[in-house]
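An overview of the molecular structure
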Amino acid sequence: MSGRIVESDGMGVPPVSLIIVNHDAGPMLADCIASSLDQAEEIIVVDNASSDNSLALLEARFPAESHIHLIRNRTNLGFAAACNIGLERARGDYLMFLNPDCLLELGCVARLVSAHKSYTDTGMVGGLLLNPSGTEQGGGRRAVPTPWRSFVRAFGLYSLSHRWPRLFFDFHLHEQPLPEQPIEVEAISGACMLVSRNALEDVGPLDAGYFLHCEDLDWCMRFRRKGWKILFVPDAKIIHYRGVCGLGKPIFVAWHKHRGMIRFYRKFFKHQYPGVLMWLVGLGVWLRFGATALYHLLHSASCKVGKRRG
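Residues numbered from 1 in each chain as written. Predicted model: local features only at pLDDT ≥ 70, side-chain atom pairs only at ≥ 80, totals over all residues. Heavy atoms only, no water.

**Overview of the packing of helix α7 (residues 215–225) against helix α8 (residues 250–269)**
Angle between the axes and distance between the axes: these two values describe a pair of packed helices. Look at α7 against α8: their axes get within 10 Å of each other, and the N-to-C directions meet at 20°. Relative to α8, α7 is oriented roughly parallel. Pair α7 / α8 crosses with left-handed handedness. Together, Leu 217, Asp 218, Met 221, Arg 222 and Arg 225 of α7 and Phe 264, Lys 267, Phe 268 and Phe 269 of α8 make up the contact between the two elements. When its residues are assigned to classes, the contact of α7 with α8 shows 5 nonpolar, no polar and 4 charged. (Axes fitted to C-alpha atoms, helices over the stretch in contact; angles between N-to-C directions. Helix = DSSP H or I, 4+ residues; strand = E, 2+ residues; numbered from the N terminus. Parallel < 35°, antiparallel > 145°, perpendicular 65-115°, else oblique. Left-handed = near helix turned anticlockwise from the far one by under 90°. Contact = heavy atoms within 4.5 Å. Nonpolar A, V, L, I, M, F, W, Y, C, P; charged D, E, K, R; others polar.)

If you want it as structure tokens, here you go:
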């Protein structure tokens, strides 16, 4: 996979510190940085004890780039904790978090910064996440998945939203028409988040109690509770090769994803829902994890049998 080395778009380099948390992203890490190199004042890579060749490839490809800073963690501290380590090093007026399996289109960062400046009380902005096929990816613009909304989604009740939109609302907004201008949303994806330093100092860093997944939703909730707006910017495009860092570790990723869901629900909705309902929500989450883990175990066993027969 070849990287996309961007050219100058005439708007100058925005005052952005780009923070990338890496864990076994392989060649995608260097490709990501190639697409970002001329779009930020500094790039901070926080590596969570990678065991692959991603850092070697990065250093070989960019041996003399003084504005790329590498921080090596001895153990995998999790995504949120690693982001916070990057924040401590960052010097920019804006802080942007980007997954290493993302490629930025030309001028993406400048458009995010411009949108941030153009709308009052904005604290966080995110762009249009695209699949490699060019279709919009889920998660780039969404509503907060409350326990009820998650129940509606899990059981397909969102199909009734055309009759009762408020009751059976679907939090996956990417299925709605793409807006022409930046719009306010409840949440964006942690794959690409840009925040201002002023908002960061007001809200605080990410919650390191999350190891992987849901820390972005947590942060969005905290930003909005402090009165900061969150914007989705449709003309800031990012190609997201989702799941590169989790390849080969599906059960590990699923465990932390479902654990993050439980933490998120308990932190923000414990006092809004009856205890019995929260217990049922927790049971549903762990049943879902069990089904996911069983699927991956059976799939792995099937692949091994197939290889032996081959």
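**Let's talk about the layout of surface pockets**
In this structure, the second largest pocket encloses a volume near 200 Å³. Around the second largest pocket sit 11 residues that line it, and Ile 262, Arg 266, Met 278, Trp 279 and Gly 282 are the ones nearest its centre. Within the residue set of the lining of the second largest pocket, elements represented by two or more residues are α8 and α9 (275–309). Examining the composition of the lining of the second largest pocket, we find that 7 residues originate from one element, α9, more than from any other. The class makeup of the residues in the lining of the second largest pocket is 7 nonpolar, 2 polar and 2 charged. (1 Å grid on protein atoms, 1.4 Å probe; cavity = no way out; pocket = protein on both sides within 12 Å on 5 of 7 lines; lining within 4 Å. Points joined across faces, edges and corners; volume = space filled by probe spheres on them.)

**With respect to the pattern of salt bridges**
A complete count under the given rule lists 10 salt bridges for this structure. The salt bridge involving Arg 61 is made with Asp 31; its shortest N-O contact spans 2.7 Å. Remark: Asp 31 occurs in helix α1 (residues 28–36) and Arg 61 occurs in helix α2 (residues 54–61); sequence separation between them is 30 residues. Between Lys 226 and Asp 202 there is a salt bridge, and its shortest N-O distance comes to 3.7 Å. (Salt bridge = Lys/Arg side-chain N within 4 Å of Asp/Glu carboxyl O.)

**Examining the confidence of the model for the chain**
Taken as a whole, the chain shows an average pLDDT of 86; of its residues, 87% reach a score of 70 or greater. Across residues 1–10, confidence stays below pLDDT 50; counting only partners more than four residues off in sequence or on other chains, it has 24 contacts. (pLDDT = per-residue confidence, 0-100.)

**Observations concerning the nonpolar core**
One recurring pattern in soluble globular proteins is that nonpolar side chains are buried together. Counting 46 residues, the largest nonpolar core has Met 124, Trp 219, Phe 223, Phe 264, Tyr 265 and Phe 269 as the members making the most contacts within it. Apart from the residues lying within four places of it in its own chain, the contact partners of Phe 264 are Val 144, Pro 145, Tyr 210, Cys 214, Leu 217, Asp 218, Met 221 and Phe 269. With 36 residues, the next largest nonpolar core counts Ala 30, Ala 115, Val 233 and Ala 236 among its residues. (Core = buried A, V, L, I, M, F, W, Y, C linked by side-chain atoms within 4.5 Å. Buried < 20%, exposed > 50% of the residue type's maximum accessible area, 1.4 Å probe, protein only.)

**Some details on the pairing of strand β8 (residues 192–196)**
Where burial is concerned, most of β8 is hidden: 5 out of the 5 residues are buried. Burial of the side chains of β8 extends over both faces: Cys 192, Leu 194 and Ser 196 are buried on one face and Met 193 and Val 195 on the other. Looking at chain direction, strand β4 (residues 94–98) and β8 are connected through 5 bridges and run antiparallel. In the strand pairing of β8, Tyr 94 is matched with Ser 196. Two elements, strand β6 (residues 122–130) and β8, share 2 bridges in a ladder whose sense is antiparallel. Its bridge partner lying in β8, Met 124 is registered against Val 195. (Pairing = 2+ DSSP bridges.)

**Looking at a nonpolar patch on the surface**
On the surface, a cluster of nonpolar side chains totalling about 610 Å² of accessible area is made up of Val 276, Leu 277, Trp 279, Leu 280, Leu 283 and Leu 287. Mapped onto the elements, Leu 280 comes out in helix α9. (Patch = residues over 30% accessible without salt bridge, like charges linked within 9 Å, V, L, I, M, F, W, Y side chains within 5 Å. Areas by Shrake-Rupley, 256 points an atom, 1.4 Å probe, with all protein chains shown as cover.)

**With respect to α1**
Since the α-helix turns once every 3.6 residues, residues separated by three or four places project in the same direction. Most of α1 sits out of view: 9 of its 9 residues are buried. When α1 is considered as a whole, its buried residues turn out to be Met 28, Leu 29, Ala 30, Asp 31, Cys 32, Ile 33, Ala 34, Ser 35 and Ser 36. On its buried face, α1 sits against β1 (16–22), β2 (42–48), α2, β3 (68–73), β4 and β5 (102–104).

**Some words on unusual backbone geometry**
If you check the backbone angles, Asp 24 has positive phi at about 60° while not being a glycine. Inspection of the secondary structure assignment puts Asp 24 in the loop between β1 and α1. What makes Asp 24 buried here is its relative accessible area of 15%. Not every positive phi belongs to a glycine, and Ala 49 is a case in point at roughly 55°. On the secondary structure map, Ala 49 appears in the loop between β2 and α2.

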